[in-house]
Amino acid sequence: MPILEVRNISFGYGLHTPFAVQAIDNVSFSIEKGECVSVIGHTGSGKSTLMQMLNGLLKPDRGQVLLNGKDINETKKTAAAARFRVGLCFQYPEYQLFGETCAADIGFGPKNMGLAPDEIRARVQKAAAIVGLPSEKLEASPFDLSGGQKRRCAIAGVIAMEPEILILDEPTAGLDPVGREEILDMIRRCRAEQGATIMIVTHSMEIAASISDRILVLNKGKLHLSGTPQEVFADTQKLHEIGLDVPSYTRILRALRDKGFDLPDAYTLPDAAKLLCRLLKEGGRT
Amino acid sequence: MIKDITIGQFFPGESFVHKLDPRAKILILIVFIVVLFICRNFFSLLLMLVFSFTAVILSRISPKMIWKSMKAIVVLVIFTALLQLIYNDKGDVWWKPFPNGSFVITSGGVYGAIFLIVRIITLILLTSLLTYTTSSTLLTDAIEKLLTPLKWLHVPVHSLAMMMTIALRFIPTLLREIDIIMSAQKARGAKLDTGNLGQRIKALVSVFVPLLVSSFRRAAELATAMECRCYTDGAHRTRLRRMRLGWRDWLAGGVLLLVSATAVFTSFYPIGSTLIFQAVIS
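Only a predicted model underlies this, so the values are computations on that prediction, with no experimental measurement involved. Within each chain, residue numbers correspond to sequence positions counted from 1 in written order. As they are written, the chains are lettered A onward and the ligands numbered 1 onward, keeping that order. Where local features are concerned, this predicted model is filtered to residues with pLDDT of at least 70; where side-chain atom pairs are given and counted, the filter is 80 or more; whole-chain, interface and lining totals use all residues. Hydrogen atoms and water are omitted, and side-chain values are computed over all heavy atoms in the structure.

Our next topic: a positive patch on the surface. All names here are of chain B. Patches draw on residues past 30% relative accessible area with no salt bridge. Two like charges within 9 Å are joined, as are two nonpolar side chains (Val, Leu, Ile, Met, Phe, Trp, Tyr) within 5 Å. All accessible areas in this document rest on Shrake-Rupley with a 1.4 Å probe, and a residue is counted as covered only by the protein chains that are shown. A side-chain nitrogen of Lys or Arg and a carboxyl oxygen of Asp or Glu constitute a salt bridge if their distance falls within 4 Å. Neither His nor the chain termini are counted; the positive set is Lys and Arg, and the negative set is Asp and Glu. To locate a charge, take atom NZ for lysine, CZ for arginine, CG for aspartate or CD for glutamate. On the surface, a cluster of positive charge is contributed by Lys145, Lys151, Arg242 and Arg244. The helix and strand labels rest on DSSP assignments: H or I over at least four residues marks a helix, E over at least two residues marks a strand, and numbering proceeds from the N terminus. Within the element layout of this structure, Arg242 appears in the loop between helix H10 (205-228) and helix H11 (247-268). The cut-offs for exposure are 20% and 50% of the maximum accessible area for each residue type, with area from a 1.4 Å probe on protein chains only; residues under the lower value are buried, those over the upper are exposed, and the others partly exposed. We classify Arg242 as exposed; its relative accessible area is 66%.

This is the structure:
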């Protein structure tokens, strides 16, 4: 049984006003335990709305969200409980920090769960270690941290609830390359060490290709494409239709192939690098 | 919840009311309100109601939006009407629940209550129409223009208008920000919508601290951006759109003057059928 299953959900904003928008239109998919799934799409494609329906913050107008086979919107109580079971980390989460210390901020979620102080402390330590926040920073004010550290502190606040699924909305937006790599490393560590199930919303094809088992492409609230990175990026035509593209290095490989080099497609940076290195060594056209 | 707030919301359009000069609209509203409170009988009140209804129809704003702004004042209207009903003891006694007459419903109370309800509804109709049909930029431009005489008294009219523009501009931005922060904290289990009153108030700290921080950040960013464009206070800028009074403004103003004059006149010199309610209201 998939850990999370979404069945034909739809959601509209401002219905019955002049500004009505159908944000999500009949979307279905499922996520298996331990999977990492990326959601890509343009601004306004409904990604953020979709995420908020997965943890019960928004209730779909139609359709169901099943967590371990049970509808999370069955009662108000189950919807409230789903917020702890599906950890949702919003875009620019550092703007939501408010605690006097990082530890207090990270412990906000566990505290709301009604855990004992000892348990909260243990979880804060663990979450800080996962995101790579130095333990001496735990007693500092979150507003004194650097940009990347703030981001990781905020993500730790969600991880500390130990959700069954972790959803990260644009976790690397606005970070420098180093900060971006740190976040991606953290996600890889989470998967390797904790076997975590993760969903990532992103604009970046490169991130989606390098980190996820599966990719969902959203366009104007509809599921445009879905599948493994290989499947999704093989369908270049359909990506171009909505103004998206394959990762930059895949484009380079394809351009070289058009020039007569014998190269297969590659969707992750290390794979592409390997192919290019081999090509350089062999040095010949076929 | 937050999305239901329509105060200060602008609905773009091309109607007669949209095309009126904002200065004319503000002046018309002021005259209208003054006359509305001079009105002393149902005939004159009815005239004013017809005037504002006509304006609503001409604006092509959907009745649903108008109803939304009405909903906000329902409690106020009912409350004032009840007070009228209870404390007004003029006119004939219509209902006497207690034999000793300590509490009576009189014709004056009933008419007074109806009169107040209609007066408030009329007032809200036209006032909400002003913000529905005028963008905040135009509105503050108009206010600045109307307040120009105060410049001679060294009142910083331009700065005040700029402050107002910025404040109005940031209402939707901050509302959206509150919405996002609330969602984010709810995702961490903040009891903003589920807990009891005490828990909810406590949980608000997790919303207000980030909101305050981001407001200061935004203010600093805006100040930098304005300085980068060499903003100085009170420089004589020309405008993209110059406000000019057109035939619509003269027409609307003329109709208003006609209606007002009739309303005021009949309030003090009632003739014919308008006489009926004169005694009970005043």
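What follows deals with the packing of aromatic side chains. Aromatic pairing here means that ring centres of Phe, Tyr or Trp (its six-membered ring) are within 6.5 Å. Orientation follows from the plane angle: under 30 degrees is stacked, over 60 is edge-to-face, and everything else is tilted. Enumeration over the complete set of coordinates arrives at 9 aromatic pairs over all chains. Where Phe233 of chain A meets Tyr267 of chain A, the ring centres are 5.8 Å apart and the plane angle is 25 degrees; that geometry is what we call stacked. Taken together, the positions of Phe233 of chain A in helix H9 (residues 229-234) and Tyr267 of chain A in the loop between helix H11 (248-258) and helix H12 (269-282) put the pair 34 residues apart, joining distant regions of the chain. Judged by relative accessible area, Phe233 of chain A falls into the buried class, the value being 0%. Taking 6.3 Å as the distance between ring centres and 70 degrees as the angle between the ring planes, the aromatic pair formed by Phe42 of chain B and Tyr111 of chain B counts as edge-to-face. Placement of the pair is Phe42 of chain B in helix H3 (residues 42-59) and Tyr111 of chain B in helix H6 (residues 107-133), with a sequence separation of 69 residues. One aromatic cluster is present, formed by Phe42, Tyr111 and Phe115 of chain B through successive ring pairs. Look at NZ for Lys and CZ for Arg. If either is within 6 Å of the ring centre and within 35 degrees of the ring normal, a charge sits over the ring. Against the face of Tyr95 of chain A rests Arg217 of chain B, its NZ or CZ located 3.8 Å from the ring centre.

The next thing to look at is the domain arrangement of chain A. Residues and elements named next belong to chain A. Once the domains are mapped, chain A shows domain 1 (33-59 + 76-244) and domain 2 (247-286). Start and end points for every domain follow an automatic or database-based domain assignment. Between domain 1 and domain 2, the C-alpha centre-to-centre distance is 32 Å. Each partner contributes residues to the interface: domain 1 has 8 residues there, and domain 2 has 6 residues. When domain 1 packs against domain 2, the two sides together hide about 610 Å² of surface, and 62% of this comes from carbon and sulfur. Joining domain 1 to domain 2, the criterion identifies 0 salt bridges. What qualifies as a polar contact is a pair of N or O atoms within 3.5 Å, subject to a donor-acceptor requirement within protein and to the restriction that residues adjacent in sequence count only when both atoms come from side chains. Viewed at the interface, domain 2 and domain 1 are joined by 3 residue pairs in polar contact (both at pLDDT 80 or more). Listing elements by their share of the side of domain 1 that touches domain 2, those giving two or more residues are helix H8 (205-211) and H9. Top contributing element to the side of domain 1 that touches domain 2 by residue count: H8, with 4 residues. Only Asp, Glu, Lys and Arg are considered charged in this grouping, and only Ala, Val, Leu, Ile, Met, Phe, Trp, Tyr, Cys and Pro are considered nonpolar; every other residue, Gly among them, is considered polar. Of the residues that constitute the side of domain 1 that touches domain 2, the class distribution is 4 nonpolar, 3 polar and 1 charged. Two residues qualify as a contact provided that any one of their heavy atoms is within 4.5 Å of a heavy atom in the partner residue. By convention, the term buried area covers the 1.4 Å-probe accessible surface removed from two parts as they join, with the contributions of both added.

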